[in-house]
Amino acid sequence: MGHSDRLLMGPGPGNPYPEVLEAFGRPVLGHLDPEFIELLDETNERLRAVYRTENALTFPVSATGSAGMEATLCNVVAPGDVVVIGVNGVFGERMCDVVDRLGAEVVRVEEEWGRAIDPQRMLDAHPSPKVIATVHAETSTGVRNDIAEIGAAKGDALLLVDCVTSLGGIPLEVDAWGIDLAYSGTQKCLGVPPGLSPVTVSDRAIERFVERSQSWYLDMAMIANYVTGGGARAYHHTAPISMIYGLHAGLGVILEEGLANTQARHQECGDMLHEGLQKMGLELFAEEGHRLPEVTSVHIPLDRLPRDQDEADVRRYLLGRYGIEIGGGLGPVAGKVWRIGCMGHTARPRNVTLLLAALAEILD
Ligand SMILES: *Cc1c(COP(=O)(O)O)cnc(C)c1O
């Protein structure tokens, strides 16, 4: 195999923090072992710190980011409910699919890919939705959608936010912005391999949980006893012990560095990359003012690719010659846009410099 030299700069998993990989080697305890429960409690406390929330119900769902999406939605959405969803990329679209399968009514607020959604349009879309849902960092386009304005004027609605690619990478204030439900993923800016979906849920949202969630596995009313139940934890499903060690360690790295410093490191790398690409004559895809530092989308310079090579050949060449993985475009921008991730441990200036030099060597 020998893939350990890979520099993962796609929008998917990045290179985990070394401390995280070390944590995977810890002895496996039972999921009800007091020592493990203590570590879980500490993990949830660390999650509250990075989510900037006091929410008691804050824990990692035992599956990837999409499970956090389903878990937050299926506990507050019942058949017939109205859910306003912002759609300017793949992940807003995925939320619509989940909500539709729950038998609820989806009110779509669409924006062109590469542009941010105007918060006022989210607020004006329906007079009394049960939930307003949007994606903070759209990984498919590299665009940041504004959240605080929606939270300030949400009224009776619950505000649900996809923070998969924002948590740990850019400023995010769950309590101050009035977010009721948020979910994330371990493999983006948290610098941990894929496998868990940290979620946080306000008391206001818990009061409005559906009677009986349509998912058994993701029923947070049932899981709550295990994750926040004080001394007597009851078994719901077996916690993925080693993944939680990894998350605990990744959050530890971030809090040790200081959350603001981690975010500043992401911003510095994003700025370097944006400037470097533009200096090479490339054009960024995401709207100025709403560009994410942790995922950069850039128009592929189709007229500057090596003779007889298409963009996928170039990505293969980058991987083969330099061991650097970058991402292609999805949906309507497939073949037109590259997506470059600088997330977690990968967000280091030297990685940006290496990628820019490699691209300069390849492109005409
Ligand atoms: C990656 C991602 C997801 C899905 O997470 P998985 O871990 O792939 O299930 C959801 N939303 C956004 C914004 C993402 O970037």
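1. Notes on unusual backbone geometry
If you check the backbone angles, Arg52 has positive phi at about 60° while not being a glycine. Mapping Arg52 onto the fold places it in the loop between helix H2 (34-51) and strand E2 (57-61). Its identity as a non-glycine residue notwithstanding, Asp308 has a phi of 65°, on the positive side. Along the chain, Asp308 falls in the loop between strand E11 (295-299) and helix H11 (311-322).

2. Some details on the pattern of salt bridges
The tally for this structure, following the rule as stated, stands at 17 salt bridges. In this structure, Arg108 engages Glu93 in a salt bridge whose closest nitrogen and oxygen atoms are separated by 2.8 Å. Taken together, the residues span a long stretch of sequence, with Arg108 in strand E4 (residues 105-110) and Glu93 in helix H4 (residues 90-101) at a distance of 15 residues. Residue Arg108 is classed as partly exposed on the basis of its relative accessible area, which comes to 35%. Among the charged side chains, a network of salt bridges with common partners joins Glu93, Arg108 and Glu110.

3. Some points on the domain arrangement of the protein chain
For the protein chain, the assigned domains are domain 1 (3-13 + 259-362) and domain 2 (18-257). Distance from the C-alpha centre of domain 1 to the C-alpha centre of domain 2: 27 Å. Across the boundary between the two partners, domain 1 contributes 28 residues, which contact 32 residues of domain 2. Where domain 1 abuts domain 2, roughly 2500 Å² becomes buried across the two surfaces, and 61% of that area is made up of carbon and sulfur atoms. Where domain 1 meets domain 2, there are 2 salt bridges. We note a salt bridge from Arg115 to Glu287, for which the minimum N-O separation is 3.7 Å. Along the contact surface separating domain 1 from domain 2 lie 12 residue pairs in polar contact (both at pLDDT 80 or more). Breaking the side of domain 1 that touches domain 2 down by element, the ones donating at least two residues are helix H10 (259-279) and E11. The dominant element in the side of domain 1 that touches domain 2, judged by the number of residues it contributes, is H10, at 6 residues.

4. Notes on the site of the ligand
Surveying the vicinity of the ligand reveals 13 residues, the closest of which are Thr64, Ser66, Thr139, Asp162 and Lys188. A distance of 2.9 Å is found between an oxygen atom of the ligand and a backbone nitrogen or oxygen belonging to Gly65. When the ligand is considered free in solution it has 380 Å² of accessible area, and contact with the protein chains removes 89% of it. Only helix H3 (65-76) and H4 provide two or more residues apiece to the shell around the ligand. Looking at the shell around the ligand, its residues break down into 4 nonpolar, 6 polar and 3 charged.

5. Topic: the side chain of His136
Inspection of the secondary structure puts His136 in the loop between strand E5 (131-135) and strand E6 (137-138). Side chain to side chain, His136 and Ser166 meet in a polar contact 2.9 Å long. Apart from residues no more than four positions distant in its own chain, His136 is found in contact with Val143, Arg144, Asn145, Ile147, Val161, Asp162, Ser166, Ile170, Pro171, Leu172 and Trp177.

6. Examining the environment of Gly327
Locating Gly327 in the fold gives a position in the loop between strand E12 (324-326) and strand E13 (337-341). You can call Gly327 buried: its relative accessible area is 7%. Between the alpha carbons of Gly327 and Leu359 there is a distance of 14 Å; along the sequence they are 32 residues apart. Other than its neighbours up to four places away in sequence, Gly327 contacts Met9, Gly10, Pro11, Arg315, Val337, Trp338 and Arg339.

7. As for the packing of H10 against helix H12 (residues 349-362)
Running from N to C, H10 and H12 point in directions that differ by 15°, and their axes come no closer than 9 Å. With respect to H12, the axis of H10 lies roughly parallel. Here H10 runs over H12; the crossing is right-handed. Every residue of H12 that contacts H10 at Glu268, Cys269, Met272, Leu273, Gly276 and Leu277 is listed here: Pro349, Val352, Thr353, Leu355, Leu356 and Leu359. Along the lines of polarity and charge, the residues of the contact of H10 with H12 split into 9 nonpolar, 2 polar and 1 charged.

What counts, and at which threshold
- Residues numbered from 1 in each chain as written.
- Predicted model: local features only at pLDDT ≥ 70, side-chain atom pairs only at ≥ 80, totals over all residues.
- Heavy atoms only, no water.
- Helix = DSSP H or I, 4+ residues; strand = E, 2+ residues; numbered from the N terminus.
- Salt bridge = Lys/Arg side-chain N within 4 Å of Asp/Glu carboxyl O.
- Buried < 20%, exposed > 50% of the residue type's maximum accessible area, 1.4 Å probe, protein only.
- Domains from an automatic or database assignment.
- Contact = heavy atoms within 4.5 Å.
- Buried area = accessible area lost by both parts, 1.4 Å probe.
- Polar contact = N/O pair within 3.5 Å; in protein donor to acceptor, adjacent residues only side chain to side chain.
- Near = heavy atom within 4 Å.
- Areas by Shrake-Rupley, 256 points an atom, 1.4 Å probe, with all protein chains shown as cover.
- Nonpolar A, V, L, I, M, F, W, Y, C, P; charged D, E, K, R; others polar.
- Axes fitted to C-alpha atoms, helices over the stretch in contact; angles between N-to-C directions.
- Parallel < 35°, antiparallel > 145°, perpendicular 65-115°, else oblique.
- Left-handed = near helix turned anticlockwise from the far one by under 90°.

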